[in-house]
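Residues per chain are reported as follows:
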Amino acid sequence: HNSRAIQAILESDPHLFIDAWKNISINSLNYFDAMIPANIKQKWQEGIDTGKTYYKLCGAGGGGFFLKMEIN
């Protein structure tokens, strides 16, 4: 999904980028559950369910942050 997102940027394809980001968001929530605080998990899942927001877990080691993409 990361490769698809990069390819979408290179091809200026916003629909492919959003689809790739959505899949990154779903996989991140499923596989990195322990690294996501409870108050963010609920918003994360709501965003996926509504198709309005998608998150990405970023960073490594002791720190990190979340990127949020809002779909208008």
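Everything that follows concerns the structure shown earlier in this document.
This write-up is about the structure you can find in this document. (Residues numbered from 1 in each chain as written. Predicted model: local features only at pLDDT ≥ 70, side-chain atom pairs only at ≥ 80, totals over all residues. Heavy atoms only, no water.)

What about the overall build of the protein?
Point 1. On a plain count of helices and strands, the protein comes out with 3 helices and 2 strands.
Point 2. For the protein, the sequential pattern of α-helices and β-strands runs α-α-α-β-β.
Point 3. Its C-alpha radius of gyration of 12 Å places the protein within 12% of the 11 Å reference for a compact globule of 72 residues.
Point 4. Based on the C-alpha atoms only, the size of the protein along its principal axes is roughly 35 × 30 × 15 Å. (Helix = DSSP H or I, 4+ residues; strand = E, 2+ residues; numbered from the N terminus. Rg over C-alpha atoms; globule rule 2.2 N^0.38 Å.)

Some remarks on the pattern of salt bridges
Any two side chains of opposite charge can pair, on the condition that their charged atoms come close.
Point 1. If you walk through the whole model with that rule in mind, you get 3 salt bridges.
Point 2. Between Asp 33 and Lys 41 there is a salt bridge, with its nearest N and O atoms 3.1 Å apart.
Point 3. The exposure class assigned to Lys 41 is partly exposed, which follows from its relative accessible area of 24%.
Point 4. Note that Lys 68 and Glu 70 form a salt bridge whose closest N and O atoms lie 3.4 Å from each other.
Point 5. What makes Lys 68 partly exposed here is its relative accessible area of 45%.
Point 6. For Glu 70, a relative accessible area of 52% gives the class exposed. (Salt bridge = Lys/Arg side-chain N within 4 Å of Asp/Glu carboxyl O. Buried < 20%, exposed > 50% of the residue type's maximum accessible area, 1.4 Å probe, protein only.)

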